Amino acid sequence: MPLRLRLAILFGLGAAGVLAVAGIGFFFQLRASLDASLDSTLQARSEALAVRLAQSPVGQPPVGQPPAGSTAAEPDDATQILNVDGTVLAFSHGAGSRPEISVQQIATARTAPVFVTKYLAGERRRLLAAPARSAGTTVVCVVSVRTDITDNAEDHARDVIVVGGPPAVGLAGLGAWLLAGAALRPVERMRRQVADITAHDPAMVLEVPATRDEIAALAKTMNGLLTRLRHAVARERGFVADAGHELRTPLTILKAELELAGRPGRSREELAAAVASAATETDRLVRLTEDLLLLARADEGAAILRMSVFSLGEVLAATAYGAALRHGAGPASVTLDVPEALVVIADSDRIRQVMGNLLDNALHHAPTGTAVEVAAWRSRDVAVRQPAVVIEVRDHGPGFPPGFLPHAFERFRRADVARDRDAGGAGLGLAIVRTLVTAHGGTVTATNRPDGGAVVRVLLPSASSAT
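Owing to the predicted nature of the structure, the values given are computational and were not obtained by experimental measurement.

Q: Go over a nonpolar patch on the surface, please, and point to the residues and values.
A: A contiguous nonpolar patch, built from Met1, Leu5, Ile9, Leu10, Leu13, Leu171, Leu174, Trp177 and Leu178 and spanning about 920 Å² of accessible area, is present on the exposed surface. When contributions to the nonpolar patch are tallied by element, the ones reaching two or more residues are α1 (3–55) and α3 (148–196).

Written as structure tokens, this is what we have:
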């Protein structure tokens, strides 16, 4: 069922309920007001009759003018005077010689007024029975009046409610239908615009209504979502393109080496060199594939950490030793400044991977005779106010180019785009560093030292330091 129709039906049902409650309340309030008006009239007549009874001679209780029992009195003014045992002492024309109220009502009226509505002689009347004194004796005065005027008013009000209610409900439903249509028209327009958007549409923007209401806020939110999706698609396309470009180079080299190795007349040394080159390119493919899989798993929110308690100094020392072996007798060395008692809770393999990438990058750019400095210490994360561990890697090389710093941790970014891939890698090292540090709940920053050299600082606020 369309939302517009549902809103119209619900609004109509709600209007019917409100009108029903209001109509019933009005009807009963009208009845109470009319009864109160009759009761006020009867009270005045009863009080006047009580005064006349109190002033009448003994044995002659006056019952209106002309005297009781005569035929000149109006039927609307029917009156009875009853003894406490129910005997009719006097009555006016239209009242009758039999008591108009029950024995129980007479007993109650001896001490307090009693209002009764009942049918007498085929017509509905309102009666008041009240105590009075006549010649030193307590009697009960019963005065009554016809309710045809009030009944007619009640019938007219009921007819208006019953007859006018359904059209009012129909008008309310129609108004809800029109109002819902006007309110949902921008939503339908946005739906059509979204349906027309394609993956290759560069202008994925919805028209924002000028109403400054919830619909306009929804359009702005959807535009923000479309913008984020467009950027995500662009990043995904760029990632796929860059990954394909990076994979193509080692695959091309590997294919060429295998083709050369398969040519006739190759010597043993040439075959060994071709196999060694193919193994090197295979290693590059394996590393690049592992890096891409790691980034893909992190993007999907998969668990990539296995937390444990370990000594940070031991892990950093082992990582520095491995980096020195990879770079051989390079121009720079590695120095460590890490407290022996620094124990953390983290993924030791991922921390080793982070530090390996940072040390490889630093050793690659460090000048001859300098040292790459690795330092770690306990600190407190100001943002979250909890224990943290800070790890810094500093070198004395040329530092990061100023234009590269804002993009240092982006994927497939290189400080020098002119470098070949054998020297510069795929540009995923720092991106993996940020991914792994972020997975630990930490942050990583890259800056340049004033006296030259690059500084990369890793903050792990989720690490718990202890002695």
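More follows now that the structure is in view.
Q: Give a detailed account of the sheet that holds strand β2 (residues 88–91), specifying residues and quantitative values.
A: The strand order across the open sheet built from five strands is β2-β1-β5-β4-β3, with neighbouring strands paired in antiparallel fashion. Each having just a single partner strand, β2 and β3 (114–120) make up the two edges of the open sheet. Neighbour to neighbour, the strand axes of the sheet diverge by 25° on average, direction disregarded. Contacts from α1 reach β1 (79–82), β3, β4 (123–134) and β5 (137–146) within the one sheet, and its direction differs from that of β4 by about 35°.

Q: So what about the packing of helix α5 (residues 268–299) against helix α9 (residues 429–439)? Which residues, and what values?
A: Contact pair α5 / α9: the axes reach a minimum separation of 11 Å and the direction vectors enclose 35°. Here α5 runs over α9; the crossing is left-handed. Of the residues in α9, those touching α5 at Asp291, Leu294, Leu295 and Ala298 are Ala431, Ile432, Thr435 and Leu436. Looking at the contact of α5 with α9 residue by residue, the classes come out as six nonpolar, one polar and one charged.

Q: How would you summarise the pattern of salt bridges if you had to cite specific residues and measurements?
A: Scanning the entire structure with this criterion turns up 14 salt bridges. Of the charged contacts, one joins Glu154 and Arg31 as a salt bridge, the two residues approaching to 3.4 Å between their closest N and O atoms. Here the residue Glu154 occupies a position in helix α3, and Arg31 occupies one in helix α1, the gap between them amounting to 123 residues. Glu154 sits in the buried class, given a relative accessible area of 5%. The closest approach of N and O atoms between Glu123 and Arg125, which form a salt bridge, is 2.6 Å. Among the ionic contacts, a cluster of salt bridges with common partners joins Glu123, Arg125, Arg146 and Asp148.

Scoring rules and cut-offs
Residues numbered from 1 in each chain as written. Predicted model: local features only at pLDDT ≥ 70, side-chain atom pairs only at ≥ 80, totals over all residues. Heavy atoms only, no water. Patch = residues over 30% accessible without salt bridge, like charges linked within 9 Å, V, L, I, M, F, W, Y side chains within 5 Å. Areas by Shrake-Rupley, 256 points an atom, 1.4 Å probe, with all protein chains shown as cover. Salt bridge = Lys/Arg side-chain N within 4 Å of Asp/Glu carboxyl O. Helix = DSSP H or I, 4+ residues; strand = E, 2+ residues; numbered from the N terminus. Pairing = 2+ DSSP bridges. Axes fitted to C-alpha atoms, helices over the stretch in contact; angles between N-to-C directions. Contact = heavy atoms within 4.5 Å. Left-handed = near helix turned anticlockwise from the far one by under 90°. Nonpolar A, V, L, I, M, F, W, Y, C, P; charged D, E, K, R; others polar. Buried < 20%, exposed > 50% of the residue type's maximum accessible area, 1.4 Å probe, protein only.

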